[in-house]
Structures are given as C-alpha cells and as structure tokens.
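Single-letter residue listing:
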Amino acid sequence: SSTQQAPDQNTIEVLEMARLLIWVAEFAATNEATDLIVNTSYSLSARDLKTEFNLVAEMRDINDHRRGFHFSQLSESINAIRKLLNSPDWLSGHELHEISAMFHLSSDVCSFLDEEEANFPSIHFLCDTLDSLSEEQELLKAKIAEDGELRDTASPELGRLRKSLLSAERRLRKELDKVESDWRKKGVLGDTGLSWRDGRPVLPVNSGARGRVTGLVVDQSQSGQTLFIEPIASLEIRGNINKCRIDLHQEEVRILKMISERLRNKSKAIADNQEILINIDRICAKALWSREANARRPLISDNMQLIIKNGRHPLLERNTKV
C-alpha cells in the first residue's frame, strides 16, 4: 500500500473536480452540507475511501429501496438553532416550530436505524451519538401549534387570558353595534358607519349634533362637518381589552422563555445532532448524485493500481444529456 494520502493538485484540476463537486452539491438540502461537499478534502487512503463508499452505498440503498429522509426540515431549522445556541434571547413560537422540525428528523433517523442497524451498519455507526430528543420534541409538540403559535393549552393562564380577550372583544363589538343603531335612530350619523382610527372604534357624527352623543372626539373631516367619535361605552371595554393583551403578551413571553431555557439545557445534544444530520445530508447528496449520474461503486485496490473499464467522466455524460 502507498503512504500517499492525497492526490496532487494538478490531477484534481485535470479531472475538473471543482465542477464535479458543484454538481454533487446541487443535491444537498442544506447550505452547510453544500459547503462540506464543495470544500471537500481529498484522500487516497484506502480506509477513508472504503468508509465513504460504504456510507454512500448504504444511503443510496435507503433512498432507492427503503425510504428517504427529509433534510429540508434541517435546512429550515438551522437559523433558529443558531440563535438558540449562540444568543441569550428567547425564541419565538415560529422559531421553536422550526427547531421542532430538526427534532422530528432526529427522531425519524433514530427510529429507522434502530430497526435497520444490521442492514446499514456504517450509517448506524455514524449516527451512534444521535439523540432522538424525544422529551424536547414532546415539549414543543405540546406547546407549539403547526402555525407556530402557542397552543391555548400551553398554560392554564394562557388559556384563561385568551378566553377573556375573546369575550371582551365580542362584548365591544356588541356594544358598538348597539350604539351605532341608537345614534342612527337619532339621526346624528353621517353617511358611513363604524370605522377604526388610531386603534380606536369611531362613528361619524354630524358636527352640529355633537351635544347629542357622549364620546371622545378622535378626528374630524377636512371640511369639519363630520366628527369621528369613539362612544363612551367602548372606552372602559377597550381598557379591559388592552390590559388583557398586555397580560397575554407577558404570559406568552414567559412560556417562550421557559421553553427556550429548557432547550438550551440540551445545547450540546442539539449541536451534535445538527452536525451529524448535516453530515448525513452530505452523504445523501452524494447518493442522490450517484443515481443521477448512473455511477457505480469502484473497487479499492491495495496496491494503488488504477483500472478503468468502459469509463467516462461524469461531466461528459452530463454535457451529452444537455
């Protein structure tokens, strides 16, 4: 066997490996896997080559005959995971939902490999330290809905406040409808009906009828003939609504901080999982490319002998297809 571990640069350039790797990288789901492929390190170590070929062959078998893994889930979660690991800030519900996609992928890979260890030993060994993060996944599933919003059941107080807010908003709508009907019967309204200005519900009142209604003047028309008045009856209800919204926001932030802190307690496992999954994405890209290029696994010689039978450079094949 040879002690040479890497091909010379001239060989790499003649084989147009840079172009070839860019093609392979097109099959990666994450930018991180793309970078690993494009900036790959070359080796002529028989051990390294056999290990890599085993991984790619097993992944191709998984893709072709078993199932595929959705690495787009990993791509969607990377920015949120970066914030979780590198920033003290709490994460929004949408960011936590993105992270849950990575947890789901981790669990999916772990479950598959637990059942198929004998059939895919190289991939299983690569994922030996992959954590299913089942508890964290269940936490996010229980707290975060599919749209990235906190579930009503995320805490008893959150559910209570949301019900109170909904009830107050319905009460306000009902009260405004009643006032609009009363003022219309009095003949004090302008041509239009209820509208909102600066977050306040207002009714258009003829300026000459100002003394016949009770409320707060919010605005007036350019001609001055119409006043936009918020009925006095809505002021108290809106005050309750605003207070409820403040309390609701504080409770949402409290829950999001709690979840973010729980996840940060698993920072190492999350970071390790991300690194492993990015590496699997890299291998999967090679497997997908090998199918596209109709490539076959080469035999590795122990004496550095190179024999090519009916071979053709993949880039030539691609140019022919185009």
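Analysis parameters
- Residues numbered from 1 in each chain as written.
- Predicted model: local features only at pLDDT ≥ 70, side-chain atom pairs only at ≥ 80, totals over all residues.
- Heavy atoms only, no water.
- Patch = residues over 30% accessible without salt bridge, like charges linked within 9 Å, V, L, I, M, F, W, Y side chains within 5 Å.
- Areas by Shrake-Rupley, 256 points an atom, 1.4 Å probe, with all protein chains shown as cover.
- Salt bridge = Lys/Arg side-chain N within 4 Å of Asp/Glu carboxyl O.
- Lys, Arg positive; Asp, Glu negative; His and termini not counted.
- Charge placed at Lys NZ, Arg CZ, Asp CG, Glu CD.
- Helix = DSSP H or I, 4+ residues; strand = E, 2+ residues; numbered from the N terminus.
- Buried < 20%, exposed > 50% of the residue type's maximum accessible area, 1.4 Å probe, protein only.
- Contact = heavy atoms within 4.5 Å.
- Core = buried A, V, L, I, M, F, W, Y, C linked by side-chain atoms within 4.5 Å.
- Axes fitted to C-alpha atoms, helices over the stretch in contact; angles between N-to-C directions.
- Parallel < 35°, antiparallel > 145°, perpendicular 65-115°, else oblique.
- Left-handed = near helix turned anticlockwise from the far one by under 90°.
- Pairing = 2+ DSSP bridges.

Colleague: So what about a negative patch on the surface? Which residues, and what values?
Modeller: Negative charge collects at one region of the surface, where Asp114, Glu115, Glu117 and Asp128 lie side by side. Of note, Glu115 is situated in helix 6 (residues 93–115). The exposure class of Glu115 is exposed, given its relative accessible area of 67%.

Colleague: Please set out the side chain of Gln73 residue by residue, giving values where relevant.
Modeller: Relative to the assigned elements, Gln73 resides in helix 5 (residues 72–86). Owing to a relative accessible area of 18%, Gln73 belongs among the buried residues under this scheme. Apart from the residues lying within four places of it in its own chain, the contact partners of Gln73 are Ala101, Met102, His104 and Leu105.

Colleague: Describe the nonpolar core, with residues and values.
Modeller: The nonpolar side chains of a soluble globular protein tend to be buried, and buried together. Residues Ile99, Val109, Ile259 and Leu263 are the most contacted members of the largest nonpolar core, which totals 68 residues. A total of 11 residues in this core trace back to one element, the largest contributor, which is helix 11 (residues 267–292). Core analysis: the second largest hydrophobic core is formed by 10 residues, Val179, Leu203, Val205 and Ala209 among them.

Colleague: I'd love a proper account of the packing of helix 3 (residues 31–38) against helix 11, names of residues and values included.
Modeller: Where helix 3 meets helix 11, the axes come as close as 8 Å, and the angle between the chain directions of the two elements is 60 degrees. Classified by the interaxial angle, the pair formed by helix 3 and helix 11 is oblique. Handedness of the helix 3/helix 11 crossing: right-handed. Every residue of helix 11 that contacts helix 3 at Glu32, Ala33, Leu36 and Ile37 is listed here: Ile278, Asp281, Arg282 and Ala285.

Colleague: Tell me about the pattern of salt bridges, and please be specific about residues and values.
Modeller: Two side chains with opposite charge may pair up if their charged atoms get near one another. Under the criterion given, the structure shown has 21 salt bridges. The closest approach of N and O atoms between Asp219 and Arg197, which form a salt bridge, is 2.8 Å. Separated by 22 residues along the polypeptide, Asp219 in strand 3 (residues 215–220) and Arg197 in strand 1 (residues 195–197) bring together distant segments of the chain. Residue Asp219 is classed as partly exposed on the basis of its relative accessible area of 32%.

Colleague: Help me get a handle on the sheet that holds strand 1, residues and values and all.
Modeller: The strand order across the open sheet built from four strands is 1-2-4-3, with neighbouring strands paired in antiparallel fashion. Because the sheet does not close on itself, it has two edges, and the strands there are strand 1 and strand 3. Across the sheet, the mean angle from the axis of one strand to that of its neighbour is 50 degrees, orientation sign disregarded. Across three bridges, strand 1 lies against strand 2 (residues 200–206) in antiparallel orientation.

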